[in-house]
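Descriptive analysis of the structure
Spelled out, the chains give:
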Amino acid sequence: MTKRALVLTGGGDCPGLNAVIRAIVKRANLEKNWEVLGSINAFDGILNEPNEIVVLDAQKVAGIHVRGGTIIGTTNKGGPLAWPIKDNQGNWSTVDRSDELIRRLQYLGVDAVINIGGDGSQRISQALYEKGLNIIGVPKTIDNDLSSTDYTFGFQTAVDVATDAVDKLVTTAASHNRILILEVMGRYAGWIALHSAIAGGAEVCLIPEIPYDLNKIYEKLSRRINRGRGFAIIVIAEGARAKDGSISYKNADEIGYQNKKLGGAGDRLMEELKQFDLGVDIRVTNLGHIQRGGSPCAFDRILATQFGVAAFELILEKKFGHMVAYNYPNIVAVPIQEAIEKYNYIDLSSELIKTARGLDMNLGD
């Protein structure tokens, strides 16, 4: 009798998603009695009427590991626990459709679900597991903010993109005697910012874990700038903030989008620094979604492939309610509940922080 595994990708897109999907399908094909299905746009494909479910076979996934994005689509709006609905007066609210979701999966003959996503997606995984759904989690985020795994796939590609941006900004900063600020993603953790700042040789790196002191930054910059000559590169995470300040947010008016939209940290910092009159121009570059797009680097392709194979093997072991994780040098299984219990901030006593300080990089303190 043929068994069915359903795969979905939720949250923001991320380099390596297709590599996970391909690995799941290829590993399932070795069992002969398993069929892999894909739900279009995360859980929407199951809950939409008519549903949008596709068969993922060897032909469908051939060669997709080199492609960015996800062939089955994704969404970070709503979900089965908070499905957006509109009443007759045009007002929006949400309803819990998780029980209906489970019934639909049973009707489709789905034996297990693999949910590929970040913190929000895995919180949904845990809630569905507690309702009795056979579900496995695969951690995905460029922000590297999921605990219980050393790295999430997509992170290294984002770091490579950000580092390349720093390299390019150095040449124009030196040519024009400017202070150039690069704002990168990461939400409430500074992983992308700190890695790319070290790799690119930035003079200043501002991360959410260390609220910054403008006077300390000025001291660093004033040693780089002399009578209008000299340049500096500042890498700032979107979740960074000044001491006694707040994180910069943008208005989110998209229906079903529940996360706060971070952004504007670089522009805010530029205005804050202008009060010191350093004598050089200050410009801001915001990488935005460029960090999430494009082909995954080799590290992320390998990690994503390892996660995909391991996720399907957890189904065979009936180890539901678990998430695959990378604990160097092994791929392991951890309870999803454990993975979402705490946010993966940078440890301020870590070797990475020590390295930055050893380079005389200013961290805002």
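Reading guide: rules and limits
- Residues numbered from 1 in each chain as written.
- Predicted model: local features only at pLDDT ≥ 70, side-chain atom pairs only at ≥ 80, totals over all residues.
- Heavy atoms only, no water.
- Helix = DSSP H or I, 4+ residues; strand = E, 2+ residues; numbered from the N terminus.
- Buried < 20%, exposed > 50% of the residue type's maximum accessible area, 1.4 Å probe, protein only.
- Contact = heavy atoms within 4.5 Å.
- Areas by Shrake-Rupley, 256 points an atom, 1.4 Å probe, with all protein chains shown as cover.
- Lys, Arg positive; Asp, Glu negative; His and termini not counted.
- Charge placed at Lys NZ, Arg CZ, Asp CG, Glu CD.
- Phe/Tyr/Trp six-rings, centres within 6.5 Å; stacked < 30°, edge-to-face > 60°.
- Axes fitted to C-alpha atoms, helices over the stretch in contact; angles between N-to-C directions.
- Parallel < 35°, antiparallel > 145°, perpendicular 65-115°, else oblique.
- Left-handed = near helix turned anticlockwise from the far one by under 90°.
- Nonpolar A, V, L, I, M, F, W, Y, C, P; charged D, E, K, R; others polar.
- Expected span 1.5 Å × (residues − 1).
- 1 Å grid on protein atoms, 1.4 Å probe; cavity = no way out; pocket = protein on both sides within 12 Å on 5 of 7 lines; lining within 4 Å.
- Points joined across faces, edges and corners; volume = space filled by probe spheres on them.
- Pairing = 2+ DSSP bridges.
- Core = buried A, V, L, I, M, F, W, Y, C linked by side-chain atoms within 4.5 Å.

**Brief notes about the overall build of the protein**
Counting its secondary structure elements, the protein contains 12 helices and 15 strands. In terms of overall dimensions, the protein has C-alpha extents of about 80 × 55 × 35 Å along its principal axes. Residue burial in the protein is summarised as follows: out of 365 residues, 53% are buried. A sequence separation of at least 24 residues applies to 72% of the contacts in the protein between residues at least 6 apart. Element-wise, carbon and sulfur atoms account for 46% of the exposed surface of the protein, whose accessible area totals about 16200 Å². Side chains of the protein carry 40 positive and 43 negative charges; the gap between the two charge centres is 3 Å.

**Examining the packing of aromatic side chains**
Evaluated as defined, the whole model comprises 8 aromatic pairs. On the basis of an interplanar angle of 65° and a centroid distance of 6.3 Å, the ring pair of Phe-153 and Phe-307 is categorised as edge-to-face. Separated by 154 residues along the polypeptide, Phe-153 in the loop between β7 (135–139) and α6 (155–176) and Phe-307 in helix α10 (residues 298–316) bring together distant segments of the chain. Here Phe-153 and Phe-307 have matching classes, each one buried. Note on Tyr-343 and Tyr-345: the rings are 4.8 Å apart at their centroids and 50° apart in plane angle, and the pair reads as tilted. For Tyr-343, a relative accessible area of 22% corresponds to the partly exposed category.

**Some remarks on the environment of Gly-264**
When you line up the elements, Gly-264 lands in the loop between β12 (261–262) and α9 (265–274). On the basis of relative accessibility, which here comes to 17%, the residue Gly-264 falls in the buried class. Distance from Gly-264 to Asn-76, taken between C-alpha atoms, is 21 Å for residues 188 residues apart in sequence. Other than its neighbours up to four places away in sequence, Gly-264 contacts Glu-183, Ser-248 and Lys-250.

**Structural notes on the packing of helix α7 (residues 191–200) against helix α12 (residues 351–358)**
Between α7 and α12, the least distance of the axes is 11 Å, while the angle of their chain directions is 40°. Relative to α12, the element α7 lies oblique. Between α7 and α12 lies a crossing of left-handed hand. Contacts from Leu-194, His-195 and Ile-198 of α7 reach α12 at Leu-352, Ile-353, Thr-355 and Ala-356. Of the residues belonging to the contact of α7 with α12, the class tally is 5 nonpolar, 2 polar and no charged.

**Remarks on α10**
A rise of 1.5 Å per residue sets the reference length of α10, with its 19 residues, at 27 Å; its end C-alpha atoms lie 28 Å apart and thus fit the reference within 8%. Buried within α10 are the following residues: Asp-300, Leu-303, Ala-304, Phe-307, Gly-308, Ala-310, Ala-311, Phe-312, Leu-314 and Ile-315. Directly beyond the C-terminal end of α10, a positive phi value near 55° is found at Lys-318.

**A few points about the layout of surface pockets**
Size it by volume and the second largest pocket reaches roughly 150 Å³. Considering the residues around the second largest pocket, the lining is formed by Lys-3, Trp-34, Asp-111, Ala-112, Asn-134, Ile-315, Leu-316, Lys-318 and Phe-320. Looking at side-chain class alone, the lining of the second largest pocket contains 5 nonpolar, 1 polar and 3 charged residues.

**Overview of the pairing of strand β14 (residues 322–327)**
In terms of burial, β14 is largely enclosed, as 5 of its 6 residues are buried. Note that β7 and β14 share 2 bridges and pair parallel. Residue pairing in the sheet places Ile-136 in a bridge with His-322 of β14. Examined bridge by bridge, β14 and strand β15 (residues 330–335) share 6 bridges and lie antiparallel to one another.

**Focus on the nonpolar core**
By size, the foremost hydrophobic cluster in this structure holds 66 residues, and its most contacted members are Val-7, Ile-114, Ile-116, Val-138, Phe-153 and Ile-315. The contact partners of Ile-315, leaving out residues within four places of it in the chain, are Ala-5, Trp-34, Ala-112, Ile-114, Ile-136 and Phe-320. By size, the runner-up hydrophobic cluster in this structure holds 22 residues, among which are Leu-206, Ile-217, Leu-278 and Val-280.

**Things to note about the environment of His-176**
Within the secondary structure, His-176 sits in helix α6. Through-space distance from the C-alpha of His-176 to that of Ile-282 is 10 Å; in sequence the pair is 106 residues apart.

**A few points about the sheet that holds strand β3 (residues 53–55)**
Spatially, β3-β2-β1-β6-β7-β14-β15 is the arrangement adopted by the 7 strands of the open sheet, whose pairing is mixed. Unpaired on one side and paired on the other, β3 and β15 mark the two borders of the sheet. Pairwise comparison of adjacent strand axes, ignoring direction, gives a mean angle of 30° for this sheet. Sitting on the sheet, helix α1 (residues 17–29) touches β1 (3–9), β2 (34–39), β6 (112–117) and β7, and the angle it makes with β6 is about 160°.

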